[in-house]
There are 2 protein chains.
Amino acid sequence: MTSLQTVEKKPNQINGLDVQAAHDTIEAIKADKSLARFQFRARNTWIGGGTNRSTIRDFYGAGREDASRMTDFVFTNGEPPVLLGNNEGGNPVEFLLHALAGCVTTTFVLHAMARGISIKELSTQLEGDMDLQGLLGLDDSVSPGYEEIRIMLNVKADCSDEQLEDLLAYTEQHSPVCNTVCRPVPVKIKRVVAK
Amino acid sequence: MTSLQTVEKKPNQINGLDVQAAHDTIEAIKADKSLARFQFRARNTWIGGGTNRSTIRDFYGAGREDASRMTDFVFTNGEPPVLLGNNEGGNPVEFLLHALAGCVTTTFVLHAMARGISIKELSTQLEGDMDLQGLLGLDDSVSPGYEEIRIMLNVKADCSDEQLEDLLAYTEQHSPVCNTVCRPVPVKIKRVVAK
């Protein structure tokens, strides 16, 4: 239905997002679709056992290499004792839930803005089921990944329940992380020799 | 080929992982498959704009609620200025790359242990392409998620190149996050009223 193409030009913020900046982005992309092309990146180093660390900083988007970040973001994966670690950090499948929660939230808030809906509160609870026989190679009929992920979303906004349901369905279809999980996305791994 | 079923019982560590503990886990799961069932969770709260925060702590696995974590892990999603934020944190699609990097690394290290391969160094670089016309709802023929994710893996270990290639192929098939991304996994979102 309503897409971001319909964002009206207003000089203020809705949901903490700059409506004018959103409008300008949309117009720029409509004039030159190549500006919508982004490449995100991460570098990760194994520390030992189930512990490893990623640094995230640069990305390409809107026609150029981004230079807005003055320092790296650093995130540590670890494992709980039952998975042979010492809780050095959240584990990778938990970080996936964090990514999904964040993406659904931001997509919801963004498209609420496009519809002129003010969000008062928004929170989610996620749970995902997994059978470790897959990871461990104990049963080839068991998929190693999540079987299903459920998101319980609580939102208060200045609109009707019907509008919220419609926005939620739109969010589900347009969230990049949700789409990456729901759809088969190719992951290509190749071995290289570090410089 | 070689799965974790073949882990030999040794009283030491390989790759920083406790071989005895791994052996015990495998034996316990073979005796009672229900111990392989895990449920991971996250709770997320919207802060404003493209900023939101997850807390991660509890999970179910190995037949019970885990109680090993004394504090929450807290992770903040943000967006760069070109995506209407102020770099309050990595963004959700970047956290997905972190999750994928970590999972491939840990899966590789785990199954190297099962094969008696000692890893000396392991690092990855990831990049993923995305067309923001999908997220923005500007073109329904564009998928909002990643089109493809590439992982460049650099590893040094005490084995042949052939063994590393075989281990890498096994890892690709058994990593939970890699599998979740490569395969269509259902994400069910429903609206609830917070207590």
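Parameters and conventions
Residues numbered from 1 in each chain as written. Chains lettered and ligands numbered in written order. Predicted model: local features only at pLDDT ≥ 70, side-chain atom pairs only at ≥ 80, totals over all residues. Heavy atoms only, no water. Contact = heavy atoms within 4.5 Å. Buried area = accessible area lost by both parts, 1.4 Å probe. Salt bridge = Lys/Arg side-chain N within 4 Å of Asp/Glu carboxyl O. Polar contact = N/O pair within 3.5 Å; in protein donor to acceptor, adjacent residues only side chain to side chain. Helix = DSSP H or I, 4+ residues; strand = E, 2+ residues; numbered from the N terminus. Buried < 20%, exposed > 50% of the residue type's maximum accessible area, 1.4 Å probe, protein only. Pairing = 2+ DSSP bridges. Phe/Tyr/Trp six-rings, centres within 6.5 Å; stacked < 30°, edge-to-face > 60°. Lys NZ or Arg CZ within 6 Å of the ring centre and 35° of its normal. Least-squares fit on C-alpha atoms with pLDDT ≥ 70 in both. Axes fitted to C-alpha atoms, helices over the stretch in contact; angles between N-to-C directions. Parallel < 35°, antiparallel > 145°, perpendicular 65-115°, else oblique. Left-handed = near helix turned anticlockwise from the far one by under 90°. Nonpolar A, V, L, I, M, F, W, Y, C, P; charged D, E, K, R; others polar. pLDDT = per-residue confidence, 0-100. Expected span 1.5 Å × (residues − 1). Arc of directions from axis to C-beta.

## What to know about the interface of chain A and chain B
So, point 1. With 128 residues of chain A in contact, the opposing surface of chain B contributes 128 residues.
So, point 2. Across the chain A/chain B interface, buried area totals approximately 11,600 Å², and carbon plus sulfur atoms make up 61% of it.
So, point 3. Across the chain A-chain B interface, the total number found is 12 salt bridges.
So, point 4. Between Arg191 of chain A and Asp161 of chain B there is a salt bridge whose closest N-O contact spans 3.5 Å.
So, point 5. Viewed at the interface, chain B and chain A are joined by 58 residue pairs in polar contact (both at pLDDT 80 or more).
So, point 6. Looking at the side of chain A that touches chain B element by element, the count peaks at 19 residues for helix α2 (residues 92-114) of chain A.

## So, the pattern of salt bridges
Close approach of charged atoms allows side chains with opposite charge to pair.
So, point 1. One pass over the full model with this rule turns up 32 salt bridges over all chains.
So, point 2. Here Lys188 of chain B ties to Glu148 of chain A by a salt bridge, and the two come within 2.9 Å at their closest N and O atoms. One end of the pair, Lys188 of chain B, is in strand β10 (residues 187-191); the other, Glu148 of chain A, is in strand β9 (residues 148-157), on a second chain.
So, point 3. With a relative accessible area of 18%, Glu148 of chain A lands in the buried category.

## Overview of the pairing of strand β9 (residues 148-157) of chain B
So, point 1. With nine of its 10 residues buried, β9 of chain B lies for the most part within the structure.
So, point 2. Pairing analysis gives five bridges linking strand β10 (residues 187-191) of chain A to β9 of chain B, with the strands arranged parallel. What sits directly across from Arg191 of chain A, in β9 of chain B, is Leu153 of chain B.
So, point 3. Looking at chain direction, strand β8 (residues 119-131) of chain B and β9 of chain B are connected through 10 bridges and run antiparallel.

## A short note on the packing of aromatic side chains
So, point 1. Enumeration according to the criterion identifies 11 aromatic pairs over all chains in this entry.
So, point 2. When the centroid spacing of 6.2 Å and the interplanar angle of 10 degrees are considered together, the rings of Phe95 of chain A and Phe95 of chain B count as stacked. A residue pair is termed interchain when its members come from two chains, as with Phe95 of chain A in helix α2 and Phe95 of chain B in helix α2 (residues 92-114). With respect to class, Phe95 of chain A is no different from Phe95 of chain B; both count as buried.
So, point 3. Taken together through their ring pairs, the aromatic side chains of Phe73, Phe75 and Phe95 of chain A together with Phe73, Phe75 and Phe95 of chain B make up a single cluster.
So, point 4. Across the ring face of Tyr170 of chain A, the terminal group of Arg115 of chain A is positioned such that the distance to the ring centre comes to 4.9 Å.

## Observations regarding the relation of the copies chain A and chain B
So, point 1. For the pair chain A and chain B, the best superposition has an RMSD of 0.0 Å and corresponds to a rotation of 180 degrees with a translation of 0.0 Å parallel to the axis. Interpreted geometrically, this transformation is the action of a two-fold axis.
So, point 2. The residues that chain A uses at the interface reappear at the interface of chain B in 100% of cases, marking a shared surface.

## Here we look at the environment of Cys182 of chain A
So, point 1. Here Cys182 of chain A shows up in helix α5 (residues 176-182).
So, point 2. For Cys182 of chain A, a relative accessible area of 31% gives the class partly exposed.
So, point 3. Through-space distance from the C-alpha of Cys182 of chain A to that of Ile149 of chain A is 9.7 Å; in sequence the pair is 33 residues apart.
So, point 4. When neighbours within four sequence positions are excluded, Cys182 of chain A is seen to be in contact with Pro184, Val185 and Val187 of chain B.

## Topic: the side chain of Asn44 of chain A
So, point 1. Assignment of secondary structure puts Asn44 of chain A in strand β3 (residues 37-48).
So, point 2. What makes Asn44 of chain A buried here is its relative accessible area of 2%.
So, point 3. Among the polar contacts listed, one links the side chain of Asn44 of chain A to the side chain of Asn52 of chain A, at a separation of 2.9 Å.
So, point 4. Asn44 of chain A has contacts with Asn52, Arg53, Ser54 and Asn77 of chain A together with His98, Ala101, Gly102, Thr105, Leu122, Ser123 and Thr124 of chain B, leaving out every residue within four places of it along the chain.

## Here's the deal with the packing of α2 of chain A against helix α4 (residues 161-174) of chain A
Residues and elements named next belong to chain A.
So, point 1. Their axes nearest at 9 Å, the elements α2 and α4 cross at an angle of 125 degrees. Overall, the two elements α2 and α4 adopt an arrangement that is oblique. When you trace α2 past α4, the crossing you get is right-handed. Together, Val104, Thr107, Phe108, His111 and Ala112 of α2 and Leu164, Leu167, Leu168, Tyr170, Thr171 and His174 of α4 make up the contact between the two elements.
So, point 2. Looking at the contact of α2 with α4 residue by residue, the classes come out as seven nonpolar, four polar and no charged.

## Observations regarding the confidence of the model for chain A
So, point 1. Taken as a whole, chain A shows an average pLDDT of 95; of its residues, 94% reach a score of 70 or greater.
So, point 2. Interface confidence in the predicted complex, given as ipTM, is 0.95; pTM for the same model is 0.95.

## Focus on helix α1 (residues 19-31) of chain A
So, point 1. Over its 13 residues, α1 of chain A runs 18 Å from end to end, which matches the ideal 18 Å to within 8%, given 1.5 Å per residue.
So, point 2. Along α1 of chain A, the positions that sit buried rather than exposed are Val19, Ala22, His23, Ile26 and Ile29 of chain A. Buried residues of α1 of chain A, viewed axially, fall in a sector of 130 degrees; they line one side.
So, point 3. Buried residues along α1 of chain A sit in contact with β1 (13-14), β2 (17-18) and α2 of chain A together with α3 (133-136) of chain B.
So, point 4. Sitting at the head of α1 of chain A, Asp18 of chain A places a side-chain oxygen 3.0 Å from the backbone nitrogen of Gln20 of chain A.

## Focus: the packing of α2 of chain A against α2 of chain B
A packed helix pair is summarised by two numbers, namely the angle formed by the two axes and the spacing between the axes.
So, point 1. Where α2 of chain A meets α2 of chain B, the axes come as close as 8 Å, and the angle between the chain directions of the two elements is 170 degrees. The pairing of α2 of chain A with α2 of chain B is recorded here as roughly antiparallel in orientation. When the axes of α2 of chain A and α2 of chain B are compared, the crossing they make is left-handed. Residues Pro92, Phe95, Leu96, His98, Ala99, Gly102 and Cys103 of chain A of α2 of chain A form the contact with α2 of chain B, whose own contacting residues are Pro92, Phe95, Leu96, His98, Ala99, Gly102 and Cys103 of chain B.
So, point 2. Residues that form the contact of α2 of chain A with α2 of chain B fall into these classes: 10 nonpolar, four polar and no charged.

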